[in-house]
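Reading the structure
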Amino acid sequence: MTKPLRKVVFPVAGLGTRFLPATKVVAKEMLPVLDRPLIQYAVDEAVDAGADTLIFVTNRYKHAIADYFDKAYELEAKLAEKRKDELLALVQTVLPKHVRCVFVTQPEALGLGHAVLMAKPVVGNDEPFGVILPDDLIWNEGPGALRQMAKVAHDEDAGVIAVEEVPHEDTDKYGIVATDEAKGRSARIHHMVEKPKPADAPSNLAVVGRYVLPGRIFQLLEETTPGAGGEIQLTDAIDRLLKGDGKVLAHRFEGTRFDCGSKVGLVKATIHFALKDPKLAAAVHEAVAAGRA
Ligand code: G1P
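A brief look at the structure comes next. Since we're looking at a predicted model, the values are computed, not measured.

With that settled, consider the overall build of the protein chain. A count of helical and extended segments in the protein chain gives 11 helices and 13 strands. Relative to the 2.2 N^0.38 estimate, which gives 19 Å for 293 residues, the radius of gyration of the protein chain is 19 Å and therefore close to what a compact globule would have. When its C-alpha atoms are laid out on the principal axes, the protein chain stretches across 60 × 45 × 40 Å. Taking all 293 residues of the protein chain together, 49% fall into the buried category. In the form shown here, the protein chain has an accessible surface area of approximately 15,000 Å², with 54% of it arising from carbon and sulfur atoms. The centroid of the 37 positive side-chain charges in the protein chain is displaced by 3 Å from the centroid of its 41 negative side-chain charges.

Let's shift gears to the side chain of glutamate 194. With respect to the secondary-structure elements, glutamate 194 resides in strand 10 (residues 186-194). In this structure glutamate 194 comes out as buried when scored by relative accessible area, which is 13%. For glutamate 194, the side chain forms a polar contact with the side chain of lysine 195, separated by 2.8 Å. Here the side chain of glutamate 194 touches threonine 235 through a polar contact of 2.5 Å, side chain to side chain. Not counting residues within four places of it along the chain, the set of residues in contact with glutamate 194 comprises Tyr174, Gly175, Ala228, Gln233, Thr235 and Asp236.

Now for the nonpolar core. Counting 35 residues, the largest nonpolar core has Phe10, Ile39, Val43, Leu54 and Phe56 as its most contacted members. Counting only elements with at least two residues in this core, the list comes to strand 1 (7-11), helix 1 (38-48), strand 4 (53-58), helix 2 (63-69), helix 7 (145-156), strand 8 (159-165) and strand 11 (205-213). For this core, the element with the most residues is helix 7, which contributes six residues. Grouped together as the second largest cluster of nonpolar side chains are 32 residues, Val9, Met192, Val207 and Ala237 included.

Turning our eyes to something else, we now look at the site of the ligand. Lining the immediate environment of the ligand, one finds Leu112, Leu133, Asp136, Tyr174, Gly175, Glu194, Lys195, Val207, Gly209, Tyr211, Gln233 and Thr235. Within the backbone of glycine 175, an N or O atom sits 2.9 Å from an oxygen atom of the ligand. Interatomic distance of 2.7 Å between a side-chain N/O atom of glutamate 194 and an oxygen atom of the ligand. For the ligand, the protein covers 74% of the area, taking 380 Å² as the surface of the free molecule. Ranked by residue count, the leading element in the shell around the ligand is strand 11, at three residues. Of the residues belonging to the shell around the ligand, the class tally is five nonpolar, four polar and three charged.

Reading the values: the criteria
- Residues numbered from 1 in each chain as written.
- Predicted model: local features only at pLDDT ≥ 70, side-chain atom pairs only at ≥ 80, totals over all residues.
- Heavy atoms only, no water.
- Helix = DSSP H or I, 4+ residues; strand = E, 2+ residues; numbered from the N terminus.
- Rg over C-alpha atoms; globule rule 2.2 N^0.38 Å.
- Buried < 20%, exposed > 50% of the residue type's maximum accessible area, 1.4 Å probe, protein only.
- Areas by Shrake-Rupley, 256 points an atom, 1.4 Å probe, with all protein chains shown as cover.
- Lys, Arg positive; Asp, Glu negative; His and termini not counted.
- Charge placed at Lys NZ, Arg CZ, Asp CG, Glu CD.
- Polar contact = N/O pair within 3.5 Å; in protein donor to acceptor, adjacent residues only side chain to side chain.
- Contact = heavy atoms within 4.5 Å.
- Core = buried A, V, L, I, M, F, W, Y, C linked by side-chain atoms within 4.5 Å.
- Near = heavy atom within 4 Å.
- Nonpolar A, V, L, I, M, F, W, Y, C, P; charged D, E, K, R; others polar.

So this is what it looks like as structure tokens:
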């Protein structure tokens, strides 16, 4: 895609039932990995990819996300008064100055495709945009996953979807792609299907929560009827794009994905980030080794 990626959509209207009772009051995107909420990792990745407009698709229960990115005057004044400069810098840099947030609501939970469609008035039809599902936390030493994908999208003039191999018995938890032969880390998708049973899955290459999509996907989303689970699926709209003349690549990103929509994934991510933190590594390593963590 010739235009640069400037806008990234974060569908954050989900209920987070897997983390009840915490998610009675805490948005699942606000659950922390160490001291940063999941949404912060997602936003950092979008900014790293060049985004300056972040669109949160939210609902009435998710005010904490807007509050988090808002200026906290009282807290900042108190930290300044107490000369807690490091902490002050921490709360002031959750978002770089050139980045703006837009909040749109998804009044009914009708599926991921429907959530993304809610961003249409902000994104428009004629520029590529990113989608990040904050549950999928991707760590990489080098450039973030979305940045890697934005480069491929630009160089190849195509949509790009992050994929990784999953155990064959797990295909019914993911969007699954069928591709042509890979060139390097990318392969052209010719078909994709949402949550197929293992027996029906065209491969075990699963969609991970990162997409770079052309603006014209919105029209296809508008025409998409409920699919798997009775929901309007992003996968189905992309599949229709492929059935036209759409070029979409599956990209095996560099990095490690943690499924923070699950308890095990959130624990794994926490241990991973703790072991990367020089101040925590030794103590956490010792605790894990001793079976105390
Ligand atoms: C969504 C998508 C699915 C994708 C997954 C990645 O499913 O619909 O295609 O593989 O995210 O996390 P969900 O996990 O919201 O059911």
